[in-house]
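# Inside the fold
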Amino acid sequence: MELRHLRYFTTVARERSFTRAAEKLHIAQSPLSRQMRELEEDLGVTLFERPSRPVRLTAAGRFFNEHALQILQRAEELRITTRRFGEAGRRQFLIGFVGSVLYGGLPDVVRGFRACYAGLEVALIEMSTVEQIAALKEGRIDVGFGRIRFDDPAIRREVIAEEPLLVALPPDHRLLAADGVSFQDIVGEPLVLYPKSPRPSYADQVLSFFGDRGCTPVIAQEVRELQTALGLVAAGIGITLVPDSVRHLHRDDVTYRPLLEAGITSPLIMSCRASDSSAEIGQIFDLIRNIYQLKQELGRTPA
């Protein structure tokens, strides 16, 4: 059994047609059918229900398809990563991150990581959680820091922390008189939502807090970036909800107040390829765990 057999099989499974699969693979249908019969003989099981139209997989075929896709994904990761290593001339380690993470413990993690691997070229690329998933699979980054929970067998993820959300308010807002703000206090306030795209994103987490309480937010504007959202807050367009770490982004024209209700949090999630067991991945996981453990012990977000 070779990788081409896996590619042929998964294409037939995806297209649900030998004819369309042959067109996608740029081969004749007869050799494709022969290859699939040889694969079944090699495995000793029937993978396709014949002569159903469209093509359906047997139970063994569905199991084989799931694992064949994972093997092909890992092979593609190896190809891309190896090519990147050769093009760079030295080993690179690329980190994807969502903007709000930059104001928490990520800078400390990067500094510590560089100290451990002085000869490693470390670079940071801002991208959404959804973009990070694709970039990890394609080998364009090695690790990602995001805020969206998702399940993907090709990706290993770990929730590092649950950050409480703060309300960002303009300088003259009525809610500044209180040390904390209840969720009901902000339901009728115009809301600046970010990021506008791609979705799903942190914006959907914020909307879920309203939906869970049977409320419909008054959305003043949707923008792509955190900095833009804070700029609109400063201009009095509305309020916005931000993770606790953002309070380290000191602005004279924006003030933060905590939400009084428990459980209104945003997770910080670290993700990497499930197949990546390198020492570098182990080191960066250890670093960020230690930094956020220190945060919990001190009762504050790391600066």
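Just above, that's the structure.
First, a word on scope: everything that follows refers to the structure included in this document. Along each chain, residues carry numbers from 1 onward, in the same order as the chain's sequence is written. At least 70 in pLDDT is required for a residue's local features to be given in this predicted model, at least 80 for side-chain atom pairs to be given and counted, and no such filter applies to totals for whole chains, interfaces and linings, which use all residues. Side-chain numbers come from the whole structure's heavy atoms, not from hydrogens or water.

Okay, the packing of helix α1 (residues 3-15) against helix α2 (residues 18-25) next. A pair of packed helices is characterised by two quantities: the angle between their axes and the separation of those axes. Only the stretch in contact is used when fitting a helix axis, every axis being a line fitted to C-alpha atoms; angles between N-to-C directions are given from 0 to 180 degrees. The helix and strand labels rest on DSSP assignments: H or I over at least four residues marks a helix, E over at least two residues marks a strand, and numbering proceeds from the N terminus. Between α1 and α2, the least distance of the axes is 8 Å, while the angle of their chain directions is 130°. One way to sum up the angle between α1 and α2 is to call them oblique. Read as a crossing pair, α1 and α2 show a hand that is right-handed. Counting all contacts with α1, which are made through R7, Y8, T11, V12 and E15, the residues of α2 involved are F18, R20, A21, K24 and L25. As a working rule, the residues Ala, Val, Leu, Ile, Met, Phe, Trp, Tyr, Cys and Pro are called nonpolar, Asp, Glu, Lys and Arg charged, and the rest polar, with Gly in that last group. Broken down by class, the residue content of the contact of α1 with α2 amounts to five nonpolar, one polar and four charged. For classification, angles of less than 35 degrees are called roughly parallel, those exceeding 145 degrees roughly antiparallel, those between 65 and 115 degrees roughly perpendicular, and all remaining angles oblique. If you view the pair so one helix is near and one far, a crossing is left-handed when the near helix is turned anticlockwise from the far one by less than a right angle, and right-handed when it is turned clockwise. What makes two residues a contact is simply this: any of their non-hydrogen atoms within 4.5 Å.

Here the focus is the nonpolar core. To form a nonpolar core, buried Ala, Val, Leu, Ile, Met, Phe, Trp, Tyr and Cys residues must be joined to one another through side-chain atoms within 4.5 Å. To sort residues, take the accessible area from a 1.4 Å probe on protein chains only and compare it with the maximum for the residue type: under 20% means buried, over 50% means exposed, and anything in between is partly exposed. The biggest cluster of nonpolar side chains holds 37 residues, and the ones touching the most others in it are I186, L230 and L241. Those elements giving two or more residues to this core turn out to be β6 (155-169), α7 (183-186), β7 (190-193), α8 (202-212), α9 (226-234) and β9 (240-243). If we skip the residues at most four places from it in the chain, I186 touches V167, L175, V181, F210, I239, L241 and L259. Counting residues in hydrophobic clusters, the runner-up holds 25 residues, among them A161, I281, I288 and Y292.

Position of T58 among the secondary structure elements: in the loop between β2 (56-57) and α4 (59-88). The class of T58 is buried, set by a relative accessible area of 15%. If near-sequence neighbours (up to four positions away) are discounted, T58 is found in contact with T46, L47, F48 and E49.

Interpretation in functional terms is not warranted from these geometric data alone.
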